[in-house]
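# Structural overview for review
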Amino acid sequence: MAEEGFPRRIVVIGAGLIGTSIALAMRERGAEVQLTDRDAAALAMAVELGAGTALPDGDAPADPTAGPADLAVLAVPPAAVAVTLLDAQKRGLAKVYTDVASVKALPLRQARDLGCDLGTFVPGHPLAGRERSGPAAARADLFLGRSWALCPPAESEPEAVETVVALARACGAEPVTVDAEEHDRAVALVSHAPHVVSAAVAARLTGADDMALGLAGQGLRDVTRIAAGDPRLWIGILAGNAAPVADVLEAVATDLAVAASLLRDGSEEAATHVADLLLRGNAGRSRIPGKHGGDPSAYAAVQVVIPDRPGELAMIFQAAGVAGVNIEDVTIEHSPGRPLGVLEISVKPEAAQRLAEELRSRGWSVPGLA
């Protein structure tokens, strides 16, 4: 592994959201980064943003006398991982290779079938992203506090695994080692199927009239937020993890079909069965880890009515700092047609009253806390 505990010379193949974010994060750590992308405009944007320099001709590191890079990051769609890996290894781009695709089993099987050197390859998947895609959406802090799945096959050399672990930690993520098949089943449940469900709900809005859309609240925005993702990217992800995603979707579809039938029945007994689904939803939602993997129910919510004007959030955060209160999470509920909203601040229960008093003393309305 490179000196100073993380790879110092890196090649990033694919200047999209994840690839450029990794490049930006590593540039902040002082690493030398070269990038390449089939899309010349995306590559130019990433370079302009300071993510690194362009890999000359896409063939080899800029300084041939320096030898292979410490690490090559394959930030390409799942279907392109294996062929990209084979090409990069034939060119001797790096000593170690990893990818960031959100599907692991299929690319690994394809890489093995193509005869890639799996000793220097450590499949990876940073569990981070945004609805927007492309280098313009990239952020150096995208991976802070996020899990970074590593799925090394039996052939992966220990030094290669150490290098990719160091990359994840240098980007601010927490590496988690998991079997490739297990990874794909897990992300089908917590990422891939939810995206399809979100898209299905959002698709109902295409025929909605202006009146209905005008009544939309934060709940609809929460449910459909991830539906804004790039369809071209997502069809590749879903195709690469088709069977596990289909299993989850079939289970969700069964629940929805039963609920629809019971609602049409209209009886009191039917309502009880629908309530059971809602209760199971409560139970499932409560199991989602909170900040740093902690219990999400451990926080108290302080609600603040805020006007829609510049600098309001900054002043509230400053007030929290003065009160010595750490903000664990925030959400904003906008009031349709009115220039204000409700900011919900999640804090430790023992800090809620202190924050409320500080905010009230500065003129904000904080309902609900005496």
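Remember, predicted model here, so these are calculated numbers, not experimental data.

### With respect to the packing of aromatic side chains
- One pass over the full model with this rule turns up 1 aromatic pair.
- Relative to Trp 148, the ring of Phe 143 has its centre 5.3 Å away and its plane inclined at 45°; by these criteria the two rings are tilted. Assigned by exposure class, Phe 143 and Trp 148 land together as buried.

### Here's the deal with the pattern of salt bridges
- Summed over all chains, the structure comprises 11 salt bridges.
- One salt bridge in this structure joins Arg 139 and Asp 141, with 2.9 Å as the shortest N-O distance.
- For the salt bridge of Glu 312 with Arg 309, the shortest nitrogen-to-oxygen distance reads 2.7 Å.
- Here the residues in one salt-bridge network are Asp 255, Asp 276 and Arg 280, joined through shared partners.

### Topic: the pairing of strand β4 (residues 69-74)
- Where burial is concerned, most of β4 is hidden: 6 out of the 6 residues are buried.
- Pairing analysis gives 5 bridges linking β4 to strand β5 (residues 94-99), with the strands arranged parallel. By the bridge assignment for β5, Ala 69 is matched with Ala 94.
- In this fold, β4 hands off to helix α3 (residues 81-91), which returns the chain to β5; that crossover is right-handed.

### Comments concerning the packing of helix α6 (residues 180-203) against helix α10 (residues 242-265)
- For the pair α6 and α10, interaxial distance at closest approach is 8 Å and the crossing angle is 55°. Here α6 lies oblique to α10, going by the angle between them. Judged by the sense of rotation from one axis to the other, the crossing of α6 with α10 is right-handed. Packed against α6, whose contacting residues are Asp 184, Arg 185, Ala 188, Leu 189, His 192, Ala 193, Val 196 and Val 197, the element α10 presents Pro 244, Val 245, Val 248, Leu 249 and Val 252 at the interface.
- Looking at the contact of α6 with α10, its residues break down into 10 nonpolar, 1 polar and 2 charged.

Rules used in this analysis
- Residues numbered from 1 in each chain as written.
- Predicted model: local features only at pLDDT ≥ 70, side-chain atom pairs only at ≥ 80, totals over all residues.
- Heavy atoms only, no water.
- Phe/Tyr/Trp six-rings, centres within 6.5 Å; stacked < 30°, edge-to-face > 60°.
- Buried < 20%, exposed > 50% of the residue type's maximum accessible area, 1.4 Å probe, protein only.
- Salt bridge = Lys/Arg side-chain N within 4 Å of Asp/Glu carboxyl O.
- Helix = DSSP H or I, 4+ residues; strand = E, 2+ residues; numbered from the N terminus.
- Pairing = 2+ DSSP bridges.
- Right-handed = clockwise from strand over helix to strand, strands pointing away.
- Axes fitted to C-alpha atoms, helices over the stretch in contact; angles between N-to-C directions.
- Parallel < 35°, antiparallel > 145°, perpendicular 65-115°, else oblique.
- Left-handed = near helix turned anticlockwise from the far one by under 90°.
- Contact = heavy atoms within 4.5 Å.
- Nonpolar A, V, L, I, M, F, W, Y, C, P; charged D, E, K, R; others polar.

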